[in-house]
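Analysis of the macromolecular model
Residue strings, one per chain:
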Amino acid sequence: MSKPGNLGELRRSSWTEERVGLRSVRQELRENLLCKMEKGEALFPGLHGYDDTVVPQIVNALLSRHHFILLGLRGQAKSRILRALAHFLDPQIPVVAGCEIHDNPYRPLCRACREKISAEGDATPIEWLGRDARYVEKLATPDVTIADMIGDVDPIKAARSGKNLSDELTIHYGLLPRANRGIFAINELPDLAGKIQVGLFNIMQEGDVQIKGYPVRMALDVLLVFTANPEDYTARGKIVTPLKDRIGSEIRTHYPATAAEGMSITAQESWTDRDSTRRAEVPGYIREIVEEVAFQAREDKRIDRRSGVSQRLPISALENVLSSAEQRSVRSRDSSAVARVADIYAAIPAMTGKFELEYEGELRGAENIARELIRAATGKTFSKYFTGANFQPVVQWFEMGGELKIPANASSSEMLAQLKKIEGLFEHLKTLEVGPKDAAAAQTSAAEFILEGLWAHKRINRSEERGFFGEARKNTPEPRDPKEPAGRLPRRQFN
């Protein structure tokens with residue numbers, strides 16, 4: 001159906017004053033949310049791990065028509081949640097044509113629209129605004145001004161129209177009035193200057209906008225949503241207490257509770273479907289190690305927990321892991337690229353920028369910390385797959401003097417030939433669902449994972465110079481003289 005093009009057609013359509021003029025944006029969000037819930041639709045598609053914790057609190061806030069804030073560390077999908085709120089808005093709404101603040105045709109706020117409707121009546125032209133245009137987002141920084149957020153007097157507009165600077169028609173509106181009849185999101189709220197925060201709570205409570213000392217009464221119809229770091233959103237932080245008091249709901253976000261949740265997020269967000277002629281693959285155990293690195297980092301005392309370890313760490317690391325495998329396959333002329341544990345170490349540059357170190361960690365160095373995290377993650381993943389497995393034949397092969405060092409550019413077939421020399425190693429590949437008929441790249445990846453796991457558990461050694469090797473067997477101690485009393489040191493001979 002064609003939509004009404006002027007105010008008269010709008011009055012005669014299903015878009016009545018009761019449906020449009022008396023319905024606030026928060027009521028609109030509430031009604032559409034209830035409708036989606038009754039139909040059983042997914043409320044926040046693509047959001048993992050929040051179904052039983054964060055999502056019910058957001059639903060309560062929207063049903064209560066609250067302004068709300070999301071408190072959480074970096075990389076906890078706060079901005080993603082705020083942007084998803086636009087899906088609860090109507091597909092389109094009518095607005096006065098040409099209005100900067102998307103005025104309601106039945107109840108215009110700005111003076112220009114009131115005069116226009118008064119002069120043209122039912123012939124006033126109407127435009128239709130989509131839901132995406134009704135979401136406005138601003139990153140808070142200390143240099144944001146009142147003019148940016150609320151507005152300022154425009155002397156050029158005043159000069160062209162021949163009006164006084166005190167006239168309401170000379171105002172250039174900021175981001176907040178332009179978000180009228182929509183959602184206005186502010187990221188990192190405490191970073192806003194104090195006077196900007198005061199201006200926000202004045203609008204939330206009273207509907208007053210003061211521009212250059214001229215009070216302008218504008219009862220803006222807007223849902224205000226914010227994000228902040230919990231450390232800043234305290235009495236010791238940079239938040240103005242009256243603004244905090246006027247925010248209806250305070251919702252805490254969190255990192256994935258399990259590795260499975262984290263892996264689903266990483267798989268969704270990372271770019272692993274490569275447009276390459278070579279088949280690129282990341283085995284499941286490699287994905288688990290990458291995810292476990294983030295979990296280990298969040299528990300490490302040398303890493304600043306107040307800053308957090310972003311979920312972007314495993315996402316970026318997984319992309320780098322696959323790129324390293326691609327590079328190796330190209331250099332060695334392999335037909336396929338299968339990621340190995342060595343590729344996780346090659347992805348350290350994608351990790352070190354994702355966490356902040358404490359003093360002890362700074363002394364150790366970010367790269368060394370990352371290497372230790374990978375080793376710990378490999379050891380934990382290895383234990384998951386091989387609990388109770390007997391690797392004594394493999395360990396003995398190294399203890400008897402066996403060593404394995406393969407050049408970086410060696411092909412998978414060359415590496416496979418070297419790995420097959422290790423007694424008892426390939427018997428355990430079936431646990432990783434890898435068989436003798438699988439590609440050489442898959443077999444070498446699985447075999448290297450086992451060796452890395454044994455090294456993580458200190459069963460064998462590894463170094464840059466020698467590769468994998470074992471400790472030489474200690475000589476059997478000479479039998480004790482039965483005449484010597486037990487617990488006594490052996491007799492030493494002197495010349």
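Please refer to the structure higher up on the page.
Here goes a summary of the coordinates provided.

Calculation notes
- Within any chain, residue numbers begin from 1 and follow the written order of that chain's sequence.
- Given that the model is predicted, a residue must reach a pLDDT of at least 70 before its local features are reported, and side-chain atom pairs must reach 80 or more before they are shown or counted; all residues, however, enter totals for whole chains, interfaces and linings.
- Note: side-chain values were computed over all heavy atoms of the structure, leaving out hydrogens and water.
- The helix count covers DSSP runs of H or I at least four residues long, the strand count covers runs of E at least two residues long, and both are numbered beginning at the N terminus.
- We call a residue buried when its accessible area falls under 20% of the maximum for its residue type, exposed when it is over 50%, and partly exposed in between, using a 1.4 Å probe and counting protein chains only.
- Whether two residues are in contact is decided by their heavy atoms: any pair within 4.5 Å suffices.
- The protein chains shown are the only cover counted for residues, whose accessible areas, like all others here, come from Shrake-Rupley with a 1.4 Å probe.
- What the arc describes is the spread of directions from the helix axis to the C-beta atoms.
- Here, any two strands with at least 2 DSSP bridges between them count as paired.

**Section: the overall build of the protein**
- When helices and strands are tallied, the protein shows 20 helices and 16 strands.
- Put simply, the protein has 495 residues, and 48% of those count as buried.
- Across the protein, contacts joining residues at least 24 apart in sequence account for 75% of those joining residues at least 6 apart.
- Within the structure as shown, the protein displays about 25600 Å² of accessible surface, and the carbon and sulfur contribution to it stands at 48%.

**Quick notes on helix H12 (residues 259-269)**
- Turning to H12, its buried residues are Gly262, Ile265 and Thr266. Buried residues in H12, looked at end-on, bunch into an arc of 95°, giving them a common side.
- Looking at the buried positions of H12, the neighbouring elements they touch are helix H13 (284-299) and helix H14 (312-332).

**Quick notes on the side chain of Glu326**
- Tracing the sequence through the fold places Glu326 in helix H14.
- Judged by relative accessible area, Glu326 falls into the buried class, the value being 17%.
- Among residues more than four places away in sequence, those in contact with Glu326 are Arg274, Ser276 and Ala337.

**A word on the sheet that holds strand S14 (residues 403-404)**
- Ordered by their spatial adjacency, three strands build an open sheet running S14-S16-S15, and the pairing between neighbours is antiparallel. Two strands lie at the open edges of the sheet, namely S14 and strand S15 (461-463), each paired on one side alone.
- Bridge count between S15 and strand S16 (residues 467-469): three bridges; the pairing is antiparallel. Looking at the pairing, Arg462 lines up with Phe468 of S16.

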